[in-house]
Amino acid sequence: MPGVSVRDVPAQEFIVAYAQFLQRQGKLEVPGYVELVKTSSGNELPPQDSDKWFYMRAASVARHIYLRKSVGTGKLNKLYGGTINRGSRPSHHRDASGSINRKVLQALGKIGVLEEGKNGRKISETGQRDLDRIAGEVFAGGQDDE
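Residues numbered from 1 in each chain as written. Predicted model: local features only at pLDDT ≥ 70, side-chain atom pairs only at ≥ 80, totals over all residues. Heavy atoms only, no water.

Q: How would you sum up the pairing of strand β3 (residues 114-117)? Please name residues and give values.
A: Note that β3 and strand β4 (residues 120-123) share 4 bridges and pair antiparallel. Residue pairing for β4: Glu 116 is matched across the bridge by Arg 121. Counted along the chain from β3 to the antiparallel partner β4, the turn is 2 residues long. (Pairing = 2+ DSSP bridges. Helix = DSSP H or I, 4+ residues; strand = E, 2+ residues; numbered from the N terminus.)

Q: Can you tell me about helix α1 (residues 11-25), naming the residues and giving the values?
A: Taking 1.5 Å of rise per residue, 15 residues should cover 21 Å, and α1 covers 21 Å from first to last C-alpha, within 8% of that figure. Every buried residue belonging to α1 is among Phe 14, Ile 15, Ala 17, Tyr 18, Ala 19, Phe 21 and Leu 22, and all of these are buried. (Expected span 1.5 Å × (residues − 1). Buried < 20%, exposed > 50% of the residue type's maximum accessible area, 1.4 Å probe, protein only.)

Q: Quick rundown of the packing of aromatic side chains? Include the residues and the values.
A: The tally for this structure, following the rule as stated, stands at 3 aromatic pairs. The interplanar angle of 80 degrees and the centroid separation of 5.9 Å between the aromatic rings of Trp 53 and Phe 54 together place this pair among those described as edge-to-face. As far as burial versus exposure is concerned, Trp 53 and Phe 54 are alike and both buried. Taken together, the ring pairs connect Phe 14, Tyr 18 and Phe 21 into an aromatic cluster. Above the plane of the ring of Tyr 80 lies Arg 57, whose end atom (NZ or CZ) is 4.2 Å from the centre. (Phe/Tyr/Trp six-rings, centres within 6.5 Å; stacked < 30°, edge-to-face > 60°. Lys NZ or Arg CZ within 6 Å of the ring centre and 35° of its normal.)

Okay, here's the thing in structure tokens:
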């Protein structure tokens, strides 16, 4: 659909659709430890959906970078971090795992969605074209439901 961008579709629907696209494509390099690792030191357990969560994180990172000029690993760590349960003491923010976010950025860079910028990674032209195409499909699917 012409003229539809990632900003025009709901975030959750877009992330699910783009994650499915990445999984079907099969080009995204997934680390071998994804079944075992926690996504943050503030989490008690690893993600429940052990075979899809890396694709969901990659889709979410691609959308996040699409909406901004450039993003580095530190900003992603802060974004995907959360509060840590400290019992009766007050909760505090804990950053997410930098290794996971770095691997996601590297994997998206290898398939051509991201490229190195001056202050972090930014979306490439082919990546923007792919994301806009998926957004158009999601937008058209939402129009059919109504």
